[in-house]
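Fold and geometry: a report
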Amino acid sequence: MKVVGVSGSIVGSKTRTAMESTVKAVTEKYPEAYVTLIDLADYDIQFSDGRNYLEYTGDTGYVTKTLMEADAIIFGTPIFQASIPATLKNIFDLLPEQAFLDKVVSMVVTAGSPKHYLIAENQLKPILGYMKAQMVQTYVFIEEKDFYRKEITNDDVLFRIDRLVEDTVVLTKTYTEIREAKEAEYGF
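What comes next concerns the included structure.

What counts as what
Residues numbered from 1 in each chain as written. Predicted model: local features only at pLDDT ≥ 70, side-chain atom pairs only at ≥ 80, totals over all residues. Heavy atoms only, no water. Axes fitted to C-alpha atoms, helices over the stretch in contact; angles between N-to-C directions. Helix = DSSP H or I, 4+ residues; strand = E, 2+ residues; numbered from the N terminus. Parallel < 35°, antiparallel > 145°, perpendicular 65-115°, else oblique. Left-handed = near helix turned anticlockwise from the far one by under 90°. Contact = heavy atoms within 4.5 Å. Buried < 20%, exposed > 50% of the residue type's maximum accessible area, 1.4 Å probe, protein only. Polar contact = N/O pair within 3.5 Å; in protein donor to acceptor, adjacent residues only side chain to side chain. Patch = residues over 30% accessible without salt bridge, like charges linked within 9 Å, V, L, I, M, F, W, Y side chains within 5 Å. Areas by Shrake-Rupley, 256 points an atom, 1.4 Å probe, with all protein chains shown as cover. Salt bridge = Lys/Arg side-chain N within 4 Å of Asp/Glu carboxyl O. Core = buried A, V, L, I, M, F, W, Y, C linked by side-chain atoms within 4.5 Å. Phe/Tyr/Trp six-rings, centres within 6.5 Å; stacked < 30°, edge-to-face > 60°.

1. A look at the packing of helix α3 (residues 86–94) against helix α4 (residues 119–130)
Two numbers describe how α3 lies on α4: the axes approach to 11 Å, and their chain directions differ by 15 degrees. If you check the angle between α3 and α4, you find them roughly parallel. As for how α3 packs across α4, the hand of that crossing is left-handed. Contact residues: L88, K89 and F92 in α3; L124, I127 and L128 in α4.

Structure below.
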């Protein structure tokens with residue numbers, strides 16, 4: 001199983017910290033999984049210009065192909081100005097319309113205020129649904145107060161990350177088994 005974590009911002013450290021904790025939880029709990037963390041701050045991603053994702057080269061080609069080859073994706077996003085950052089939206093724009101068909105997708109959201117709790121519901125889930133993701137319905141919302149010196153200090157947040165990881169992996173295994181059984185019925 002290929003699991004990709006995406007830290008969807010090029011500034012700040014909280015989303016990266018949250019995604020490092022999430023990827024660590026996947027690796028520790030499911031050592032058989034092949035896990036990759038993509039921090040968008042580490043890559044020079046081109047703006048989407050409408051071409052097929054396979055035509056992009058360099059960092060853009062690597063990131064898009066890695067996401068397309070994943071079985072499960074955990075998107076980490078900060079909330080800026082009551083919205084997801086343009087860097088993350090650009091990733092969605094680089095991919096085909098049904099990029100997340102047969103993929104399980106979950107979310108980790110960081111924000112400076114509890115007022116931004118529903119941004120994932122109102123902005124991120126509709127995009128992921130449009131792109132045909134099988135979504136883990138709950139997500140982890142982490143506030144500024146849950147961090148101290150680039151560490152998550154709230155045990156409840158760490159528990160929710162562990163639960164999100166478990167839900168993501170269990171759903172991925174379940175959907176894979178169902179899909180393989182259905183495909184086996186065709187007999188070719």
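2. Describing the environment of Q137
Looking at where Q137 falls in the secondary structure, it is placed in the loop between β5 (134–135) and β6 (140–143). Look at Q137 and you get exposed, because its relative accessible area is 53%. Considered as a pair, Q137 and I119 are 18 residues apart in the sequence and their alpha carbons are 14 Å apart. With sequence-adjacent residues up to four places away left out, Q137 is seen in contact with E121 and K125. Within polar-contact distance, the side chain of Q137 engages the backbone oxygen of M135 at 3.3 Å.

3. What to know about α3
Within α3, burial applies to L88, N90, I91, F92 and L94. The inward-facing, buried residues of α3 contact β1 (2–7), α2 (58–69), β3 (72–78) and α4.

4. Regarding unusual backbone geometry
Positive phi, normally seen in glycine, also occurs at K132, with a value near 70 degrees. Along the chain, the position of K132 falls in the loop between α4 and β5. Notably, K150 is not glycine yet its phi reads approximately 60 degrees, a positive angle. For K150, the location among the structural elements is in the loop between β6 and α5 (155–186).

5. Some thoughts on the environment of T174
Tracing the chain through its elements places T174 in helix α5. In the structure, T174 is positioned 124 residues away from G50 in sequence and 33 Å away in space, judged by C-alpha atoms. Here V170 takes part through its backbone oxygen, which lies 2.8 Å from a polar atom of the side chain of T174.

6. Things to note about a nonpolar patch on the surface
A surface patch of nonpolar side chains, about 280 Å² in accessible area, is lined by I10, V11 and F80. Counting through the fold element by element, V11 comes out in the loop between β1 and α1 (14–29). On the basis of relative accessible area, V11 is assigned to the exposed category, the value being 51%.

7. A word on the nonpolar core
Generally speaking, soluble globular proteins have nonpolar side chains that are buried together. In terms of nonpolar packing, the biggest core is built from 34 residues, with F75, F92, F100 and L128 touching the most fellow members. For this core, the elements supplying multiple residues, two or more each, are β1, α2, β3, α3, β4 (104–111) and α4. In terms of residue count, α4 provides more of this core than any other element does, five residues in total. Ignoring sequence-local partners within four residues, the contact set of F100 consists of I73, F75, F92, L95, V105, L128, M131, K132, A133 and Q134. In this structure, M19, A25, I161 and V165 belong to the second largest nonpolar core, which totals 21 residues.

8. Here's the deal with the environment of E144
Structurally, the position occupied by E144 is in the loop between β6 and α5. Between the C-alpha atom of E144 and that of V169, which follows or precedes it by 25 residues, the distance is 27 Å. Other than its neighbours up to four places away in sequence, E144 contacts K14, A111 and G112. A distance of 3.3 Å separates a polar atom in the side chain of E144 from a polar atom in the side chain of K14.

9. Considerations on the side chain of S113
Secondary-structure assignment places S113 in the loop between β4 and α4. Excluding residues within four positions of it along the chain, S113 makes contact with F141 and E143.

10. A word on the packing of aromatic side chains
Evaluated as defined, the whole model comprises six aromatic pairs. Centroid distance F75 to F92: 5.1 Å. Interplanar angle 70 degrees. Geometry classified as edge-to-face. A residue pair is termed long-range when its members are at least 10 positions apart, and F75 in strand β3 and F92 in helix α3 qualify at 17 residues. The buried category is assigned to F92, whose relative accessible area is 3%. When the ring of F92 is compared with that of F100, the centres are 6.3 Å apart and the planes differ by 85 degrees; the resulting orientation is edge-to-face.

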